[in-house]
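Coordinates in review
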Amino acid sequence: MALHGKRIVVGLGGGIAAFKAVALVRELMRRGAEVRVVMTDAATRFVGPVTFAGLTGKPPVTNLWAEDYAGEVHVELGEWAEAMVVAPATMNLMARAATGQANDALLATLACARGVLFFAPAMHARMWSHPATQANAQTLLDRGAVLVGPVSGALANGEIGEGRMSEPEDIADAVESHLSYGDDLAGARILITAGPTHEDLDPVRFLGNRSSGRMGYAIAQKALRRGADVTLVSGPVHLPAPAGADVVSVRSAREMHDAVMARFESHDVVIMAAAVADYRPSARESHKIKKSDDLALELVRNPDILADVGAKRTDTPSVLVGFALETQDLEQSARGKLERKRADLIVANEASAGLGRETNRVTLVDGDGATALPEMSKTAVADQILDRIRALLSTRPRRPRNEAKQGPPN
Ligand code: CTP
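Attention here is on the structure that accompanies the text. In this text, all values refer to a predicted model and were calculated from it rather than measured experimentally.

All right, on to the overall build of the chain then. Along the chain, the regular secondary structure elements total 16 helices and 21 strands. Projected onto the principal axes, the alpha-carbon positions of the chain cover approximately 85 × 50 × 45 Å. At a minimum sequence separation of 6, the contacts of the chain that also span at least 24 residues come to 67%. For the chain, the exposed area adds up to about 19,600 Å²; of that, 49% sits on carbon and sulfur atoms. Taking the average place of the 47 positive charges on the side chains of the chain and the average place of its 50 negative ones, the gap between the two points comes to 2 Å.

Neighbouring the ligand are 13 residues; Met272, Ala274, Leu306, Phe323 and Lys337 lie closest to it. At 2.7 Å, a backbone N or O of Phe323 approaches an oxygen atom of the ligand. Separating an oxygen atom of the ligand from a side-chain N or O atom of Arg340 is a distance of 3.4 Å. With the chains in place, 78% of the 570 Å² that the ligand exposes on its own is no longer accessible.

Another point: the pattern of salt bridges. Inspection of the entire model under this criterion finds 25 salt bridges. A salt bridge links Arg31 to Asp173; the nearest nitrogen and oxygen atoms lie 2.8 Å apart. In this pair, Arg31 is assigned in the loop between helix H1 (18–30) and strand S2 (34–39) and Asp173 in helix H9 (residues 168–181), connecting sequence segments 142 residues apart. Asp173 gets classed as partly exposed once you look at its relative accessible area, which sits at 22%. Salt-bridge contacts for Asp184 lead to Arg390; the nearest nitrogen and oxygen are separated by 2.4 Å. Taken together, the residues span a long stretch of sequence, with Asp184 in the loop between H9 and strand S8 (189–194) and Arg390 in helix H15 (residues 378–394) at a distance of 206 residues.

In summary, soluble globular proteins display a tendency toward joint burial of nonpolar side chains. Counting residues in each nonpolar core, the largest one holds 34 residues, and the members touching the most others are Ile190, Ile192, Ile219, Val230, Ile271, Ile385 and Ile389. Elements with a contribution of two residues or more to this core: S8, helix H10 (214–225), strand S11 (229–234), strand S13 (269–272), strand S16 (319–326), strand S17 (345–350), strand S19 (362–366) and H15. Those residues in contact with Ile389, other than ones at most four positions away along the chain, are Val269, Ile271, Val319, Val321 and Leu345. One finds Phe118, Val146, Ile171 and Val175 within the second-largest nonpolar core, a separate group that totals 31 residues.

Okay, unusual backbone geometry next. At the junction of Gly149 and Pro150, the peptide bond is cis and its omega measures out at 5° in the coordinates. In this structure, Pro150 sits in the loop between strand S5 (146–147) and strand S6 (151–154). The omega angle of the peptide bond from Thr316 to Pro317 is -5°, so this bond is cis rather than trans. Turning to its location among the elements, Pro317 is positioned in the loop between helix H12 (305–312) and S16. We note that Asp329 has phi near 45°; this positive angle belongs to a residue other than glycine. Within the element layout of this structure, Asp329 appears in the loop between S16 and helix H13 (330–340). One non-glycine residue, Arg342, lies in the positive phi region at around 50°.

Criteria and cut-off values
Residues numbered from 1 in each chain as written. Predicted model: local features only at pLDDT ≥ 70, side-chain atom pairs only at ≥ 80, totals over all residues. Heavy atoms only, no water. Helix = DSSP H or I, 4+ residues; strand = E, 2+ residues; numbered from the N terminus. Contact = heavy atoms within 4.5 Å. Areas by Shrake-Rupley, 256 points an atom, 1.4 Å probe, with all protein chains shown as cover. Lys, Arg positive; Asp, Glu negative; His and termini not counted. Charge placed at Lys NZ, Arg CZ, Asp CG, Glu CD. Near = heavy atom within 4 Å. Polar contact = N/O pair within 3.5 Å; in protein donor to acceptor, adjacent residues only side chain to side chain. Salt bridge = Lys/Arg side-chain N within 4 Å of Asp/Glu carboxyl O. Buried < 20%, exposed > 50% of the residue type's maximum accessible area, 1.4 Å probe, protein only. Core = buried A, V, L, I, M, F, W, Y, C linked by side-chain atoms within 4.5 Å.

Pasting the structure below:
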């Protein structure tokens, strides 16, 4: 119940995604929040206020002129709310919010809100990419609001594009993360590797492993939520790209090596969550290998990316994090990797605990000792890892952005 006792106003604009706000209100309440709802007139045409009255136990505020609201309901709600979530935030609503209009219950409450403002945009892709909307979104961001989404996908009219409202669970995650951590990683540039690597044998076959990429993607998602700039170097996975991350897609260990080596110096933190193949076939056949009586595969070692960053880094990254999948002597093996690969933190897990699953049970091993965490969701593990990284970062001098961005002299 991470939102236990938190007071949240959900404000609905008039868009078809308003139906998802029902699930959002439920999700916030399921996580322990106390929720009040404010709707624009247009929103009431998409979802009935009675639905929210039933869910929250209080009639939503829809009209400042209603007799029941005689007084200052927008001021009261604005002061009451620790967070206000506008979902769906339509193009029109964002424009009115950015220009400080207060001509209905929702806008008036937004104007009085003292807590954090979240906007979950939902509109057609052309409306989202419209320069006016982009400028309004920027204005809201500059004033400290948090944008959640929009994401790419099927729009209401069946077209595919960026403008779809984030899923209720993702919006609730963003609210929860922000109320728990704020922007505590703002300004940190974090490079994360994730997923497996595929080592080709021939045009149709490869050697791979069962890594889903979920752990690395969860860290990327959480780091973004906490304000970091994120580069995600990803092997082949079936996961949506986290909104806001700079995603570099790679396939083999050597491609991942090249992508990381070209970028590590411009990052404060490098987290190697990928399950990199240690070996690759010594040759990639250009034609499909035919059946024969015997087939012997010759394998050669892949570069160790983590060890290479450890050996080559000077000032940046100031925190280098590796993962270790072990079947025995967890802590001792992890400590060996910490030293051998010159990392600052190793996230160690039993082979049986995390691979391909939603949860993970890890032990954090750094220069000061080892902390065994209980089994929890990968997203919760991600926050624990980021907490430890933030603590490590605070002990090291942060290099100015422009200085660290420059590559090595040629
Ligand atoms: N790693 C890497 N490049 C490789 C292999 C691994 O960067 N070619 C990174 C992984 O991303 C992970 C860490 O190294 O962060 C640990 O990987 P692991 O294969 O468990 O470590 P090894 O030192 O290869 O140890 P082992 O002998 O247990 O395989």
